[in-house]
Amino acid sequence: MKENNGVKCKKLWGLLGNIWFIFNRPALQFGFIFLVTGVAGEVTRDYLQGPFFSLEPNHLVEFSNNSGAEVKCSATGRPWPALQWTNREGQHIQDVTGIRYITSDGTLVFAPFKPDDYRQDIHAAVYTCVASNKVGSIRSRDVQVRAVIQHQFKPQVHNVVITKDNTALLQCHVPSVVRQFVSVESWSRSDGVVYRQNHSDDNVRVLQTGEMLVYNVVNDNTQYTYMCKAKHRLTGYIATSATYGKLTIQEPHGPSSPRFVLKCSSVKVLEGQQSELPCVTEGWPVPTVRWYKEYNGKLESLPATERVSSDHGILTIRDTERYDEGLYVCITNNSVEEKREKTILKVTSKSPLNYLC
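Rules and cut-offs
- Residues numbered from 1 in each chain as written.
- Predicted model: local features only at pLDDT ≥ 70, side-chain atom pairs only at ≥ 80, totals over all residues.
- Heavy atoms only, no water.
- Pairing = 2+ DSSP bridges.
- Helix = DSSP H or I, 4+ residues; strand = E, 2+ residues; numbered from the N terminus.
- Axes fitted to C-alpha atoms, helices over the stretch in contact; angles between N-to-C directions.
- Buried < 20%, exposed > 50% of the residue type's maximum accessible area, 1.4 Å probe, protein only.
- Salt bridge = Lys/Arg side-chain N within 4 Å of Asp/Glu carboxyl O.
- Polar contact = N/O pair within 3.5 Å; in protein donor to acceptor, adjacent residues only side chain to side chain.
- Contact = heavy atoms within 4.5 Å.
- Phe/Tyr/Trp six-rings, centres within 6.5 Å; stacked < 30°, edge-to-face > 60°.

## Quick look at the sheet that holds strand β26 (residues 314-317)
To summarise the sheet geometry, strands pair through backbone hydrogen bonds and adopt either a parallel or an antiparallel arrangement.
Inference 1: Read across the sheet, 4 strands follow the order β20-β22-β26-β25 without closing on themselves; strand pairing throughout is antiparallel. Since the sheet does not close on itself, it has two edges, and those belong to β20 (256-263) and β25 (308-311), each with one partner. Neighbouring strand axes in the sheet, compared pairwise and without regard to direction, differ in orientation by 20° on average.
Inference 2: Taken together, the 4 bridges between β25 and β26 define a ladder with antiparallel strand orientation. The partner of Ser310 across the bridge, within β26, is Leu315.

Have a look at this one:
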């Protein structure tokens, strides 16, 4: 049945009356406005969201010219963010045919290349991933990209002359152009004995940095020769030393002051890993070595614990923590003289670019 005009008018006047009633009551008026504003705000938040990284690139990307590399970056938001890459100056980078390009999903790709195609502005540069939508933009951490040309190399081991009863230092020398990318895999003695990285016993220790220490050298040690094996961590190339090192004992001709054979002014280590602070000396009489840490300008001795130990001049800190950072002092002395060396230990949450002293 159709409503007549009179009924329709009554309903209209009733609706207008309810609205008038709300807007003439401050408390109800505030609630109505709050309800409308809140609903609108929820709708806005549901459909607009600034970008945030779901995958942020690492701070360091290293690769060989034979392998190339992909640097991934992804972000989410509403609307979906667009990804771009910029250089250190903040300029958007462009594709370089056959060398560098950006895929549709925002991955920065460095193609394998010939040594002659190496470009420092591309292969040794800093990049940043930028994600943007209508809400705003965010930038990733700086990404240091470093490409390495594959070089074949031959380590060298030199002969060492050492005063008897002291600690001899054998080093695996590699060309400077590849030094920061090469680690010592092992040492071999001419009788077939192999000492791998981090080996330690009463007579020999191989440090994390690859040096080999031979303790309390006597005539028996001179019958052997030593060689090393090193590996390039980016290319995987493994090389055995082209020369053999031999120990020669030198008889003391009288007292001599301590001489530093191996020391470091600064050591950087990854948090949770083992630290090795070297202070290897030679002299006659054989010098003693003691380690101290500086607290508020004063030196405090380091008692041996399960985590901290000192042996033949090497201070070892296992499971290194942030609070281990600081200034350490090595004091070596014999009847002739006392000498000191300082080492700063830095603990980082990022892999050190170079552990060497």
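Structure's up, so let's keep going.
## Quick look at unusual backbone geometry
Comment: phi is negative for the bulk of residues other than glycine, and the bulk of peptide bonds are trans.
Inference 1: Residue Pro79 is bonded to the preceding Arg78 through a cis peptide linkage, with omega at -5°.
Inference 2: Relative to the assigned elements, Pro79 resides in the loop between β4 (74-78) and β5 (82-87).
Inference 3: A cis amide bond, omega -5°, links Trp284 with the succeeding residue Pro285.
Inference 4: With respect to the helices and strands, the residue Pro285 is situated in the loop between β22 (275-284) and β23 (288-295).
Inference 5: The backbone of Asp319 shows a phi angle near 50°, a positive value even though the residue is not glycine.
Inference 6: By the secondary structure assignment, Asp319 is in the loop between β26 and β27 (326-333).
Inference 7: Judged by relative accessible area, Asp319 falls into the partly exposed class, the value being 45%.

## Regarding the pattern of salt bridges
Inference 1: Enumeration over the complete set of coordinates arrives at 13 salt bridges.
Inference 2: Residue Glu276 is joined to Arg205 by a salt bridge in which the shortest nitrogen-to-oxygen separation is 3.1 Å. Residue Glu276 is located in strand β22, and its partner Arg205 is located in strand β15 (residues 204-206); the two are separated by 71 residues in the primary sequence. Summarising the burial analysis for this pair, Glu276 and Arg205 share the class buried.
Inference 3: Between Glu282 and Arg259 there is a salt bridge; the shortest N-O distance is 2.4 Å. Within this pair, whereas Glu282 is found in strand β22, its partner Arg259 is found in strand β20, the two being separated by 23 residues in sequence.
Inference 4: Several salt bridges share partner residues, and in doing so they unite Glu62, Arg146 and Arg233 into one network.

## Notes on the side chain of Thr281
Inference 1: Tracing the chain through its elements places Thr281 in strand β22.
Inference 2: Of the polar contacts made by the side chain of Thr281, one reaches the side chain of Thr332; its length is 3.5 Å.
Inference 3: When sequence neighbours within four positions are dropped, the list of residues in contact with Thr281 reads Asn166, Arg259, Phe260, Val261, Pro287, Val289 and Thr332.

## Regarding the packing of aromatic side chains
Inference 1: A complete count under the given rule lists 4 aromatic pairs for this structure.
Inference 2: Aromatic side chains Phe153 and Tyr237 sit 5.3 Å apart centroid to centroid with 70° between the ring planes, which places their arrangement in the edge-to-face category. A residue pair is termed long-range when its members are at least 10 positions apart, and Phe153 in the loop between β10 (143-148) and β11 (160-163) and Tyr237 in the loop between β17 (225-232) and β18 (238-240) qualify at 84 residues. Judged on exposure class, the residue Phe153 and its partner Tyr237 are both buried.

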